Amino acid sequence: MSKRPNIIIINPDEMRWDTMGHMGNPAASTPRLDQFASEEAVSFDHAYCQNPVCVPSRCSFFTGLYPHVNGYRTMHYLIHDGKDTMFAELRRNGYKVWMNTRNDFIAGDVPGEFATQFDELQTPDRSGYVKTKIIEGFPYSHYAGVAEKITQNDMNDTLAACERIKAQKDSDEPLCLFIGWLNPHVPYVTDQEHYDRIDPAKIPPRVQYSETTGKSAMIQKLREFADLGEFPEELWKEVQRVYLAQCAYVDDMFGMIIDALKEAGIYDNTAVFFLSDHGDFAGDFGLPEKAQNSFEDVLTRVPLLVKPPKSDAVDAGITSSLAELVDFYATVMDYAGVAPEHDQFGVSLRPVIENRTTPNRKYVFSEGGRRACEKQADEFHKYGDQGPAKTSDYWAKMNAEADDFAHEKGTMIFDGKYKYVLRLSGTDEFYDLEKDPRELHNEINNEAYAADILRLKLEMLHWYQETCDTVQRKFDSRFITEESITPKQQ
């Protein structure tokens, strides 16, 4: 009987799908990821996150549950109380689980919480931390440019992960290793080496906000508070260049992980997953960073690459089959041979990995925002009546998220051609991505699309009905025991 495969999960933060060369960006410098996609893995060019900010997205794709189901849909309420995640379930089924401390989904302030999820926790090496100075005059641009020395936290964690992989060589216990990187998250800062890899002449033009119509209140509020109207176009080009350079840095570290697996002789018996939690405006719409309830592809469409163990079939290359990040959870559990111990909504991507033409989903969804009564923007509220400190790099975002209308709940559905966004106030959005791939013009009031808008509304209602809750699996022994239920009843 062959050994169960090792599971390696590589998770950069805030990386768009179009930052890789094999996704058509002529300025990208991602040779290792491009080769990986061409020869050994399937790369999904239509993979979507379930929430366009860090914590809710990770809480979703590590459980297979949508944000509206598991309740983790804010930046400040993380998984705790021993809740089931992929890692806890793999541990209970014989996997040794290693993680670096860049997690953004487990509540680190709850004593003993990490011990419910991980066997080994990489002690952070912050000796390489460098305070980044944002460019003067535009404090909310998050742009710092090229630095003589950049923070080495990601590299330190990568080196530690490589050592752990090499130690796996003679182990009979399968390893699940998760490494989360800060790059290419803001601030936009890089070193000279990676900066020089990006040819600015090849960078695609950014989306100009002046070209758009009918964009969300959140985008408008972010623009108002960030006050980047005078930010020079040459600096926006620099934002794009530095962001791509950060992705080139990610590519280097990815290559180090792959090389370590091969050096340890365990590459063939390892399933490798590379995915980001969400994207980044990176200058599009005249904005940096992200927004929790805006659903443009630059925020919700993410890299997702999967290499199965060598014993399993793979049709290497790019697939246009629609995927959600909840499918990542189901796929990991499938290759690990572990049955989920809680109800979940992911679909294993194994059939697509074996044949890239296989359809997966008809629709994908993403959701974010809050109800007016919820104090989701805790950064704002903790400052009291005076609001957040203007010295914070996130002052603009905190103020925008404190606006109940701008930060209202919204949900996106996309069918591969049309994208519809439903908002509580009725300020909905609709885009024809075949005609308008950059999502410039909101066509919600265009009668030519009325039938498709209604169709997507009804499909969203069906999705909410199907996924609105899960059934608990613990029985009350006063009335029934698990053994008394026949397979047919289950």
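What counts, and at which threshold
Residues numbered from 1 in each chain as written. Predicted model: local features only at pLDDT ≥ 70, side-chain atom pairs only at ≥ 80, totals over all residues. Heavy atoms only, no water. Buried < 20%, exposed > 50% of the residue type's maximum accessible area, 1.4 Å probe, protein only. Helix = DSSP H or I, 4+ residues; strand = E, 2+ residues; numbered from the N terminus. Pairing = 2+ DSSP bridges. Disulfide = S-S within 2.5 Å. pLDDT = per-residue confidence, 0-100. Contact = heavy atoms within 4.5 Å. Salt bridge = Lys/Arg side-chain N within 4 Å of Asp/Glu carboxyl O. Expected span 1.5 Å × (residues − 1). Arc of directions from axis to C-beta. Axes fitted to C-alpha atoms, helices over the stretch in contact; angles between N-to-C directions. Parallel < 35°, antiparallel > 145°, perpendicular 65-115°, else oblique. Left-handed = near helix turned anticlockwise from the far one by under 90°. Nonpolar A, V, L, I, M, F, W, Y, C, P; charged D, E, K, R; others polar.

1. What to know about the pairing of strand β14 (residues 364–368)
Then, number 1: Burial within β14 is extensive, with 5 of its 5 residues counted as buried.
Then, number 2: Burial of the side chains of β14 extends over both faces: V364, S366 and G368 are buried on one face and F365 and E367 on the other.
Then, number 3: In the sheet, β14 pairs with strand β15 (residues 410–414) via 5 bridges, with the strands oriented antiparallel. Residue pairing for β15: G368 is matched across the bridge by G410.

2. What to know about the state of the cysteines
Then, number 1: Evaluation of the coordinates by the stated rule reveals 0 disulfides.
Then, number 2: Left unpaired, C162 is separated from the closest cysteine sulfur, that of C176, by 16 Å.
Then, number 3: With relative accessibility at 6%, the residue C162 sits in the buried group.

3. With respect to the confidence of the model for the protein
In regions of low pLDDT, the predicted coordinates are not meant to be interpreted in detail.
Then, number 1: With 94% of its residues at a pLDDT of 70 or more, the protein has an overall mean of 92.
Then, number 2: The low-confidence segment residues 377–383 (pLDDT under 50) makes 17 contacts with residues lying over four places distant or belonging to another chain.

4. Notes on the pattern of salt bridges
Then, number 1: Scanning all chains against the criterion turns up 41 salt bridges.
Then, number 2: Within the structure, one salt-bridge network assembled from shared partners comprises D13, R58, R102, D104 and D277.

5. Comments concerning helix α14 (residues 450–467)
Then, number 1: Between its first and last C-alpha, α14 extends 26 Å over 18 residues, near the 26 Å set by a 1.5 Å rise per residue.
Then, number 2: Buried within α14 are the following residues: D452, I453, L456, M460, W463 and T467. Mapping the buried residues of α14 onto a view down its axis gives an arc of 100°, with all of them on the same face. α14 presents A451, L458, L461 and Q465 as exposed residues on the side facing more than 90 degrees away from its buried surface.
Then, number 3: Tucked into the core, α14 has its buried residues touching α3 (67–70), β14, β15, β16 (418–423) and β17 (429–432).

6. A few points about the packing of helix α5 (residues 153–166) against helix α8 (residues 233–263)
Then, number 1: The geometry of α5 relative to α8 is characterised by a closest axis approach of 8 Å and an angle of 15° between their N-to-C directions. Classed by the angle they form, the pair α5 and α8 counts as roughly parallel. For the crossing formed where α5 meets α8, the hand is right-handed. Residues D154, M155, T158, L159, A161, C162, I165 and K166 of α5 pack against Y249, M253, M256, I257, A260, L261 and E263 of α8.
Then, number 2: For the contact of α5 with α8, a count of residues per class yields 11 nonpolar, 1 polar and 3 charged.

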